Amino acid sequence: MMPKESYTPSLQGFSYTVLIYIVMAFAPYVTVLLVNLVQEKENKLKELMRIMGTSDVAYWLSWVITYAVIMFFAVLVMNAITVPGGIFGGSNYIVMVIICYLYGITIIMMSFMFTPFFKNAKSAGLFASLITTIFGAIAIPLIIVDVPNQVKWALSLFSPTAFGLAISQVVC
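Residues numbered from 1 in each chain as written. Predicted model: local features only at pLDDT ≥ 70, side-chain atom pairs only at ≥ 80, totals over all residues. Heavy atoms only, no water.

A. Molecular detail of a nonpolar patch on the surface. Together, V57, L61, I65, V69, F72 and F73 make up a nonpolar patch on the protein surface, roughly 570 Å² of accessible area in all. Assignment of secondary structure puts V69 in helix α4 (residues 56-82). (Patch = residues over 30% accessible without salt bridge, like charges linked within 9 Å, V, L, I, M, F, W, Y side chains within 5 Å. Areas by Shrake-Rupley, 256 points an atom, 1.4 Å probe, with all protein chains shown as cover. Salt bridge = Lys/Arg side-chain N within 4 Å of Asp/Glu carboxyl O. Helix = DSSP H or I, 4+ residues; strand = E, 2+ residues; numbered from the N terminus.)

Here's what the structure looks like:
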């Protein structure tokens, strides 16, 4: 028999799958936050709090702090599973926590940005998960096809796309 070279499997499909799953791991936070904000708007609770003397800064800061703390612990748990598990190759745990936490903060702000456009909480929740998935999936063609850096930079203005591109650099 003739000797054969060793088989090394391609991890391309795995990296695309990890990219989508990591981006989608943050989608419930966007959905829940946007649904809660729109429900408050539907029930006119924000106006009620304003009548009671709550300032707009205190209202929005309470949401930011609440979800920033939730996001921090979720990122710690997620990275405690993925980094030692070898999903992110030999990347540093602290660097991955910082990258994921900053992405979490951007999707919190993205939820705030989408709030004025909705009057119905169910449609807001559907839109939030759909837009996060679509913008995260945009990163896959940017990785597969050789596109100019200007296009990558322009599409990276959407945080799920930028996070997907960053994760693809870590996984590959």
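B. Main features of the pattern of salt bridges. In the structure shown here, the tally under the stated rule is one salt bridge. Two residues, D56 and R50, come together in a salt bridge whose shortest N-O distance is 2.9 Å. Owing to a relative accessible area of 37%, D56 belongs among the partly exposed residues under this scheme. Overall, the relative accessible area of 42% leaves R50 in the partly exposed class. (Buried < 20%, exposed > 50% of the residue type's maximum accessible area, 1.4 Å probe, protein only.)

C. Layout of the packing of helix α5 (residues 93-114) against helix α9 (residues 159-171). Interaxial distance between α5 and α9 falls to 10 Å at its minimum, and their mutual angle equals 165 degrees. The orientation of α5 with respect to α9, classified from their angle, is roughly antiparallel. Crossing of α5 over α9 shows left-handed handedness. Within the contact between the two elements, α5 uses M96, I99, C100, Y103, T106, I107 and M110 and α9 uses S159, P160, F163, I167 and V170. (Axes fitted to C-alpha atoms, helices over the stretch in contact; angles between N-to-C directions. Parallel < 35°, antiparallel > 145°, perpendicular 65-115°, else oblique. Left-handed = near helix turned anticlockwise from the far one by under 90°. Contact = heavy atoms within 4.5 Å.)

D. Broad picture of the nonpolar core. The biggest cluster of nonpolar side chains holds 35 residues, and the ones touching the most others in it are F26, F163 and I167. Those elements that place two or more of their residues in this core are α1 (12-24), α2 (27-42), α4, α5, α6 (121-137) and α9. With nine residues, the top contributor of residues to this core is α5. When near neighbours in sequence (up to four residues on either side) are disregarded, I167 contacts V18, L19, I22, F88 and M96. (Core = buried A, V, L, I, M, F, W, Y, C linked by side-chain atoms within 4.5 Å.)

E. Spatial organisation of the side chain of N79. Mapped onto the fold, N79 is located in helix α4. Within the structure, the side chain of N79 is placed 3.5 Å from the backbone oxygen of M96, a separation counted as a polar contact. Once residues lying within four places of it in the same chain are set aside, the contact partners of N79 are P84, F88, Y93, M96, V97 and C100. (Polar contact = N/O pair within 3.5 Å; in protein donor to acceptor, adjacent residues only side chain to side chain.)

F. Structural view of the environment of L155. Within the fold, L155 resides in helix α8 (residues 149-155). Residue class for L155 comes out partly exposed when judged on its relative accessible area of 23%. Linking L155 and I138, residues 17 residues apart in sequence, is a C-alpha distance of 8.3 Å.

G. Examining the packing of aromatic side chains more closely. Taken as a whole and judged by the stated rule, the model has eleven aromatic pairs. With centroids separated by 4.2 Å and ring planes inclined at 10 degrees, the aromatic side chains of F135 and F158 adopt a geometry described as stacked. A residue pair is termed long-range when its members are at least 10 positions apart, and F135 in helix α6 and F158 in the loop between α8 and α9 qualify at 23 residues. The class for F135 is buried, based on a relative accessible area of 14%. Look at F158 and you get partly exposed, because its relative accessible area is 36%. Chaining the aromatic ring pairs together yields one cluster made of F26, Y103 and F163. (Phe/Tyr/Trp six-rings, centres within 6.5 Å; stacked < 30°, edge-to-face > 60°.)

H. Region of the structure containing the packing of α2 against α5. At a minimum axis distance of 9 Å, the contact between α2 and α5 shows a crossing angle of 35 degrees. Classified by chirality, the crossing of α5 by α2 is right-handed. Contacts from V30, L33, L34 and L37 in α2 reach I107, I108, M110, S111, F112 and F114 in α5.

I. Region of interest: the environment of G104. Within the secondary structure, G104 sits in helix α5. For the pair G104 and Y67, spaced 37 residues apart in sequence, the C-alpha separation works out to 8.9 Å. Filtering out sequence-adjacent residues up to four positions away, G104 remains in contact with F26 and M71.

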